[in-house]
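Understanding the architecture of this molecule
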Amino acid sequence: MRYGDMEIYENYSLKGLSTFGIDVKARRILFLRGSSLDEPFRFMYDVDELLKSDFRQGPYMVIGEGSNIVFTKDYEGTLIKIGEAVFQGGGDGQYKYLTVGARMLTDEVVRISVGYKYYGAENLSAIPGNIGAAVVQNVGAYGVEIKDLVDTVDAVDLLSGERRTLSNEECAFGYRTSLFKQQPGRWLIWRVKLRFSTTFKPNLSYKALADELQRRGIADPSQQQMREVVTELRWSKLPRPEEYGSAGSFFKNPVVDASLADSLKREYPDMPVYPGNKLSAGWLIDRCGWKGRTLGRAGVWPKQALVLYNTGGCTGQEVVDLARAIQHDVRLQFGVALEPEAIIV
Ligand SMILES: Cc1cc2nc3c(=O)[nH]c(=O)nc-3n(C[C@H](O)[C@H](O)[C@H](O)COP(=O)(O)OP(=O)(O)OC[C@H]3O[C@@H](n4cnc5c(N)ncnc54)[C@H](O)[C@@H]3O)c2cc1C
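Residues numbered from 1 in each chain as written. Predicted model: local features only at pLDDT ≥ 70, side-chain atom pairs only at ≥ 80, totals over all residues. Heavy atoms only, no water.

**Structural notes on the overall build of the protein**
For the protein, the helix and strand inventory stands at nine helices and 20 strands. Here the C-alpha radius of gyration of the protein, 21 Å, is about what a compact globule of 345 residues would show, namely 20 Å. Taking the principal axes of its C-alpha atoms as reference, the protein extends roughly 60 × 50 × 35 Å. Every one of the 345 residues in the protein was classed for burial, and the buried ones make up 50%. (Helix = DSSP H or I, 4+ residues; strand = E, 2+ residues; numbered from the N terminus. Rg over C-alpha atoms; globule rule 2.2 N^0.38 Å. Buried < 20%, exposed > 50% of the residue type's maximum accessible area, 1.4 Å probe, protein only.)

The structure is reproduced here in structure tokens:
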């Protein structure tokens, strides 16, 4: 079915729309057309059509590339997916800027920034998904989070119909969270303006990255080398999406109170404790013996215990069962509650 530029389908398979690859359906999906940047009027026309439609009558959700959502059963509502995106560059002497449509892949944004010698995003290389969702989740890797680069975010308030430009502060970023994540169903992000440095200083704060550069004998890495090493390091530890479905890190690293962190550290001297009493969820899961194990057709990735994956034909229930079993064991052994990082629907 098609209304204006917007395409609407019913009982739509989500197998190819979520990287976990679970074979479930959405009752309805709307594809907004018109790129948000080079055709803003066409895009806003679709947004107006959307706001006039009945999508709010049941559950609804904006989706990006589905790399952080695990659909465990049929979605009995409306999914909204925005159209392709382009970018514009610019600078003001002090900083360089890229303004990108929300649907642009995060890795494509990083690739463009490296090509332009706009500095600061290289450690985020090869993160799946698009830039709109990267903002929702405040994605991070190798010592950098997207919040470090966000200047402003243009979003439509789906409840009031208002169009807003939110500053970095207004986005209320936190560890893998933001205003947009805290207010599910309210926001449709359509454009993101990112701010880059004009001078290059490699961010080597993440030990595994610094060690890898040292191992390769790279003392003074270029921006391009940082991108290459991050990309290779990442894929040496994670399942390749074309081979196995996953959602990246399934759980957040838990933040515990200081007394629990201290007592655990006394009991397990090799346990990593990051600043702010943040523990390594991967280490806890590994210590419970889950690394490399499977439950039904859902598994724990052998090279990174934080990643749950689809060994092939896995159902949503099998993922839920595995996640619960891990949470149970970690709570029992360490007294720590693991919270999903991925959005379980
Ligand atoms: C192999 C692998 C590795 C990964 N590595 C990392 C990593 O290193 N660091 C990290 O932080 N994450 C990582 N992830 C998780 C994932 O890549 C990110 O969370 C990514 O930003 C999700 O993007 P997406 O387009 O797939 O979003 P989706 O999964 O489609 O959506 C995620 C959330 O964003 C919302 N959303 C999406 N688009 C919009 C929009 N335009 N407006 C409003 N809301 C929107 C959705 O409603 C949903 O709540 C990894 C995932 C995989 C599969």
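**Some remarks on the sheet that holds strand β14 (residues 245-249)**
Whether parallel or antiparallel, the strands of a sheet pair through hydrogen bonds between backbone atoms. Spatially, β14-β19-β18-β17 is the arrangement adopted by the four strands of the open sheet, whose pairing is antiparallel. In this open sheet, the two edge strands, each paired with only one partner strand, are β14 and β17 (294-295). In this sheet, strand β19 (residues 307-310) lies alongside β14 in antiparallel orientation, the contact comprising three bridges. By the bridge assignment, Ser249 is partnered in β19 with Val307. (Pairing = 2+ DSSP bridges.)

**Description of the nonpolar core**
Residues Leu32, Phe180, Leu188 and Leu194 are the most contacted members of the largest nonpolar core, which totals 58 residues. Here the element with the most residues in this core is strand β13 (residues 187-196); it accounts for seven residues. Residues from two domains meet in this core; each of domain 1 (2-81) and domain 2 (87-196) gives at least three. Apart from the residues lying within four places of it in its own chain, the contact partners of Leu188 are Leu32, Phe43, Val47, Val62, Ile80, Ile82, Asp154, Ala155, Val156 and Leu158. (Core = buried A, V, L, I, M, F, W, Y, C linked by side-chain atoms within 4.5 Å. Domains from an automatic or database assignment. Contact = heavy atoms within 4.5 Å.)

**Considering the domain arrangement of the protein**
The domains assigned to the protein are domain 1 (2-81), domain 2 (87-196) and domain 3 (245-344). Relative placement of domain 1 and domain 2: their C-alpha centres are 20 Å apart. With 19 residues of domain 1 at the interface, the matching set in domain 2 holds 22 residues. Surface buried jointly by domain 1 and domain 2 totals about 1,600 Å² across both partners, of which 65% is contributed by carbon and sulfur atoms. At the boundary of domain 1 and domain 2, one finds two salt bridges. Where domain 1 touches domain 2, the interface holds six residue pairs in polar contact (both at pLDDT 80 or more). For the side of domain 1 that touches domain 2, the elements supplying multiple residues, two or more each, are α1 (40-52), β4 (60-63) and β6 (75-81). The greatest single-element share of the side of domain 1 that touches domain 2, amounting to six residues, is contributed by α1. Of the residues assigned to the side of domain 1 that touches domain 2, the class counts are eleven nonpolar, four polar and four charged. (Buried area = accessible area lost by both parts, 1.4 Å probe. Salt bridge = Lys/Arg side-chain N within 4 Å of Asp/Glu carboxyl O. Polar contact = N/O pair within 3.5 Å; in protein donor to acceptor, adjacent residues only side chain to side chain. Nonpolar A, V, L, I, M, F, W, Y, C, P; charged D, E, K, R; others polar.)

**Some words on the site of the ligand**
The local shell around the ligand holds 32 residues, among which Val62, Gly64, Ser67, Asn68 and Arg234 are the closest. Elements that contribute at least two residues to the shell around the ligand include exactly β4, α3 (131-137), β9 (140-141), β13, α6 (223-237) and β14. If one sorts the elements of the shell around the ligand by residue count, α3 sits on top with four residues. (Near = heavy atom within 4 Å.)

**Section: the environment of Gly289**
One can find Gly289 in the loop between α8 (281-287) and β17. Counting along the chain gives 52 residues from Gly289 to Lys237, while the straight-line C-alpha distance between them is 18 Å.

**Description of the pattern of salt bridges**
One pass over the full model with this rule turns up 22 salt bridges. Of the charged contacts, one joins Arg28 and Asp54 as a salt bridge, the two residues approaching to 3.0 Å between their closest N and O atoms. Here Asp54 lies in the loop between α1 and β4 and Arg28 lies in strand β3 (residues 25-31), a separation of 26 residues in the sequence. Owing to a relative accessible area of 39%, Asp54 belongs among the partly exposed residues under this scheme. Glu108 is the salt-bridge partner of Arg111, the closest N and O atoms lying 2.7 Å from each other. One end of the pair, Arg111, and the other, Glu108, are both in helix α2 (residues 106-116), three residues apart, so they sit about a helical turn from each other. Note on Arg111: relative accessible area 43%, which makes it partly exposed. The class of Glu108 is partly exposed, set by a relative accessible area of 29%. Members of the salt-bridge network, linked through shared partners, are Glu145, Lys147, Asp148, Arg176 and Glu341.

**Quick notes on the sheet that holds strand β7 (residues 87-91)**
Taken together, five strands build an open sheet; the order of strands is β7-β8-β13-β11-β12 and the sheet is antiparallel. With one partner strand each, in any of the chains shown, β7 and β12 (163-167) form the two edges of the open sheet. The mean inter-strand angle of the sheet, taken between neighbouring strand axes irrespective of direction, is 20°. Contacts between α2 and the sheet are confined to β7, β8 (96-101) and β13, with β8 contributing the most and set at about 150° to the helix. (Axes fitted to C-alpha atoms, helices over the stretch in contact; angles between N-to-C directions.)

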